[in-house]
Amino acid sequence: MPISPANLTLYPAWRRLEGLYQEVCALCEGAGEEACRRPPPEGGWCAAQILDHLVKSEAGTLRYIQKKMGYSPHLPKAGPGAWMRFLLLRTALRAPWPWKAPAMVRAAELHQLPTLLQILAEWQAVRQAWTRFLEHFPPNARGCLVFRHPLAGRLTILQTLTFLADHRKAQEADGGDDVN
């Protein structure tokens, strides 16, 4: 599907993210607060903690990109190294072994976790902020390195959106503190 130069919300990874967001919200609202806070028997994060982590990840990623683009008008262009790191990151997300979440996006402990409704409301606000940002993303910055992933290094906006969609899917599959 061709992408409108002025609107990245048409990008397939963003559409996947939106679909997953709608699915997860419906599942959580249907399951209820108690079920979403119940730790899995095999250990790891409960559904509410996974949501908390995803909200923190998406919000932090957006803040980083906005800050980076706000003070650096001459962002470097992506080269072959960026594409190799991105492919390695995508491979790592599919790996059978776990990765620890960075402290800044680690989920809150159960007793410190906001209610499910609060988490979903915050997530909705983050999604709206992303949508506004992507609707007006400068076409000339699409090939620039705008986000720095803790393991993979700098990524373009399209790589970042793909990472977020892959990350979300990995979280749904894993359900643990050791995240991909």
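The structure reproduced in this document is the subject of the present report. (Residues numbered from 1 in each chain as written. Predicted model: local features only at pLDDT ≥ 70, side-chain atom pairs only at ≥ 80, totals over all residues. Heavy atoms only, no water.)

## Considering the packing of helix α1 (residues 12-31) against helix α5 (residues 116-135)
α5 packs onto α1 with a crossing angle of 165° between their chain directions and a minimal axis gap of 12 Å. Between α1 and α5, the angle falls in the class roughly antiparallel. For the pair α1 and α5, the sense of crossing is left-handed. Taken together, the residues of α5 that come into contact with α1 (itself represented by W14, L17, E18, Y21, V24, C25, C28 and E29) are L116, L120, W123, Q124, R127, W130, T131 and L134. Across the contact of α1 with α5, the residue classes break down as eleven nonpolar, two polar and three charged. (Axes fitted to C-alpha atoms, helices over the stretch in contact; angles between N-to-C directions. Helix = DSSP H or I, 4+ residues; strand = E, 2+ residues; numbered from the N terminus. Parallel < 35°, antiparallel > 145°, perpendicular 65-115°, else oblique. Left-handed = near helix turned anticlockwise from the far one by under 90°. Contact = heavy atoms within 4.5 Å. Nonpolar A, V, L, I, M, F, W, Y, C, P; charged D, E, K, R; others polar.)

## What to know about the packing of aromatic side chains
Within the structure shown, the criterion is met by six aromatic pairs. Ring geometry for Y21 and W123: centres 4.8 Å apart, planes at 90°, overall edge-to-face. With a gap of 102 residues between them, Y21 in helix α1 and W123 in helix α5 connect regions that are remote in the sequence. Note on accessibility: Y21 and W123 belong to one class, buried. Ring centres of W83 and F86 lie 5.9 Å apart, and the angle between their planes is 85°; this geometry places the pair in the edge-to-face category. Taken together, the residues W83 and F86, both in helix α4 (residues 80-94) and three residues apart, mark about one turn of the helix. Judged by its relative accessible area of 43%, W83 is partly exposed. (Phe/Tyr/Trp six-rings, centres within 6.5 Å; stacked < 30°, edge-to-face > 60°. Buried < 20%, exposed > 50% of the residue type's maximum accessible area, 1.4 Å probe, protein only.)

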